[in-house]
Amino acid sequence: MAVDSTISSPLGPPACEKDAKALRFIEEMTRNADSVQERVLAEILSRNAETEYLKRFKLDGATDRETFKKRIPIITYDDVQPEIQRIANGDRSPILSAHPISEFLTSSGTSAGERKLMPTIKEELDRRQLLYSLLMPVMNLYVPGLDKGKGLYFLFVKSETKTPGGLLARPVLTSYYKSEHFKTRPYDPYNVYTSPNEAILCPDSFQSMYTQMLCGLIERNQVLRLGAVFASGLLRAIRFLQLNWVELAHDIRTGTLNSKITDPKIKAHMENIIKPDPELSSFVIQKCNKENWEGIITRIWPNTKYLDVIVTGAMAQYIPTLNYYSGGLPLSCTMYASSECYFGLNLNPMCKPSEVSYTIMPNMAYFEFLPHNSGSTRSTRLVDLADVEVGKEYELVITTYAGLNRYRVGDILRVTGFHNSAPQFHFVRRKNVLLSIDSDKTDESELQKAVENASKLLVEFNTSVVEYTSYADTKTIPGHYVIYWELLSKDSCNSPSQEVLNRCCLEMEESLNSVYRQCRVADHSIGPLEIRVVKNGTFEELMDYAISRGASINQYKVPRCVNFTPITELLDSRVVSVHYSQHLPQWTPERRR
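Source: prediction; values computed, not measured.

Calculation notes
Residues numbered from 1 in each chain as written. Predicted model: local features only at pLDDT ≥ 70, side-chain atom pairs only at ≥ 80, totals over all residues. Heavy atoms only, no water. Pairing = 2+ DSSP bridges. Helix = DSSP H or I, 4+ residues; strand = E, 2+ residues; numbered from the N terminus. Contact = heavy atoms within 4.5 Å. Axes fitted to C-alpha atoms, helices over the stretch in contact; angles between N-to-C directions. Parallel < 35°, antiparallel > 145°, perpendicular 65-115°, else oblique. Left-handed = near helix turned anticlockwise from the far one by under 90°. Nonpolar A, V, L, I, M, F, W, Y, C, P; charged D, E, K, R; others polar. Buried < 20%, exposed > 50% of the residue type's maximum accessible area, 1.4 Å probe, protein only. Arc of directions from axis to C-beta. Domains from an automatic or database assignment. Core = buried A, V, L, I, M, F, W, Y, C linked by side-chain atoms within 4.5 Å. Salt bridge = Lys/Arg side-chain N within 4 Å of Asp/Glu carboxyl O.

Caption draft 1: Expanded view of the sheet that holds strand E7 (residues 306-310). Spatially, the 4 strands line up as an open sheet ordered E3-E6-E7-E8, and their pairing is parallel. Edge positions in the sheet fall to strand E3 (150-154) and strand E8 (331-332), since each has one partner strand and no second. Contacts from helix H11 (residues 231-254) reach E3, strand E6 (223-230) and E7, with the element oriented near 120 degrees to E6.

As structure tokens, then:
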């Protein structure tokens, strides 16, 4: 379609008129970032003026920034959890939001092991859909011809529960995939998936993955991009292909569907898709029946232009493995979002992963920034979106339409520049997160508690854990936690057995939060936890190594997580025994009452 030259955008020439409208919207929002923010805050405070929360701090209907900042405190989840629990228990009065809370979006686990419940309202789906609608118009500026093929995306729903008061509690993407916004989305030639809705919405992870992979193989020549939400998810799909290619090739050759696929909606849909194709079946066998899987993505899907996955933050550890399987295809991180709020998008989606910066869209929420390492929030004035400084790091603080006010998200961001008057941020890390494989986040205190609980099994053997450290091993698929233990045994004739140390692995897993345990049990996106017992004196050697590199002997502390190769090599060279969790930890989708 020819595009009217008068509707071009400073971002670049749009691929179509629909894209031109989206690009103009980005320009309008970012050009007037501060005034948009002022309007957003006024809207939020005006509509929520009569809520219990804002009245408690005597805002008295004020909608200006100065009064808001003077009277409303900066909070964490623990501060607002009592109000959230009241809503979860069935209180429908306007506690946080004047609009009814429609459901809760589940975020990473709390110290008590439960997922956080983030309140949301129906109109937030419109706001999230708006951000999604901007992604392909930007991508089309960099990768032409995406309307000539399809995307092979591995998308899944996860378990959902109901709170005591009857509200749904589920992950944000499960909420979106189950919404009419997704299920009845209008046809867009630039955004067609090989995966049918029936497979994406199937709660059984095996049936969902099998069907999505089968459809991706059948339409392999039409696939122009591969993706998953996280890098770990795409690697899990490759591992699934390694384990199931024989069955998939059989289905393609015979035109039948594996008997393990029992979901009636999937079966009905696949009747129209799968036909006998001996040639394609032979091709799959030829490509998969090899020891070396280097470049397997481009060997099976030769027209793939890029991989669409999040590889920032903890996901950066998967970049070498993705490069291995894809032959070095570009890695695209398109957007930045969380359960609490969707934030912004990458206006240069084909840049190197190390250079990814997200432009915050000022219409999504009201954003403030706490200078990182500034100490107490009581003495630090938060910075507005338009006033952040390039090169500095900040913790993100949000005020949402759904009733979170001055809420610390826990993300540390570095300002890399501006697009018009809207800042662009590089995601540095999650605050206090030590280990992460998939959607799990384990902090230092949680790891300490897990080690303490597991070490109780050693007491009867007069054995204790002298020191420990950890790392997230992503060389295996799925990745898994590795914990290094140095043990002190007072009775060498009564040291703990292999079985006892295996039980220690399981005890550690039982002590980790529900997000970790769901990834282990339901999603199979994390492998069994591993304990590597090292020789006595290993951690003294670790200290000597750190001091040799300039660490102060007075201030040295054992790092609770290591990812520096020489250190992991030192630890691995001292390993005397290796132990794994032999069973799955307990996990149930039901929330604790």
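Caption draft 2: Broad picture of the packing of helix H16 (residues 444-455) against helix H17 (residues 498-511). The contact between H16 and H17 brings their axes to 8 Å, and the two run at 140 degrees. The angle between H16 and H17 falls in the class oblique. Seen along the crossing, H16 lies across H17 with a hand that is right-handed. Counted together, Glu446, Leu447, Ala450, Val451, Asn453 and Ala454 of H16 and Cys504, Glu507, Met508 and Ser511 of H17 form the full contact between these two elements. By residue class, the composition of the contact of H16 with H17 is 6 nonpolar, 2 polar and 2 charged.

Caption draft 3: View of helix H13 (residues 278-288). Considered for burial, the residues of H13 that qualify are Leu280, Ser281, Phe283, Val284, Lys287 and Cys288. Seen from one end, H13 has its buried residues packed into an arc of 160 degrees, which puts them on one side. Against helix H10 (205-218), H11 and helix H14 (296-300) lie the buried residues of H13.

Caption draft 4: The environment of Phe418, seen in detail. Inspection of the secondary structure puts Phe418 in strand E15 (residues 407-419). A sequence separation of 82 residues divides Phe418 from Val500, and the C-alpha atoms of the two residues are 56 Å apart. Other than its neighbours up to four places away in sequence, Phe418 contacts Ala386, Val388, Val390, Pro423 and Gln424.

Caption draft 5: Layout of the domain arrangement of the chain. Taken as a whole, the chain is organised into domain 1 (17-122 + 337-430), domain 2 (147-304) and domain 3 (433-580). Centre-to-centre separation of domain 1 and domain 3, based on C-alpha positions: 36 Å.

Caption draft 6: Fine view of the side chain of Thr211. Summarising the element assignment, Thr211 is placed in helix H10. The contacts of Thr211, once residues within four sequence positions are left out, are Pro196, Ala199, Ile261, Ile266 and Met270.

Caption draft 7: A look at the nonpolar core. Formed by 164 residues in total, the largest nonpolar core has its most connected members in Leu241, Trp301, Phe367, Trp485 and Met508. Ranked by the residues each element gives to this core, the list is headed by H11, at 11 residues. Residues in contact with Met508, not counting those within four places in the same chain, are Leu447, Ala450, Val451, Ala454, Ile483, Trp485, Leu529 and Ile531. Within the second largest apolar cluster, 10 residues are counted, among which are Val534, Val562, Ile567 and Leu571.

Caption draft 8: Examining the pattern of salt bridges more closely. All chains considered together, the criterion is met by 35 salt bridges. Across the salt bridge formed by Arg71 and Asp60, the nearest N and O atoms sit 3.7 Å from each other. One end of the pair, Arg71, is in helix H4 (residues 65-71); the other, Asp60, is in the loop between helix H3 (52-56) and H4, and 11 residues separate them in sequence. Owing to a relative accessible area of 37%, Arg71 belongs among the partly exposed residues under this scheme. Here Lys148 ties to Asp147 by a salt bridge, and the two come within 3.2 Å at their closest N and O atoms. The class for Lys148 is exposed, based on a relative accessible area of 67%. Here the salt bridges share partners, and the residues they tie into one network are Asp34, Arg65, Lys69, Glu368, Asp384 and Arg406.

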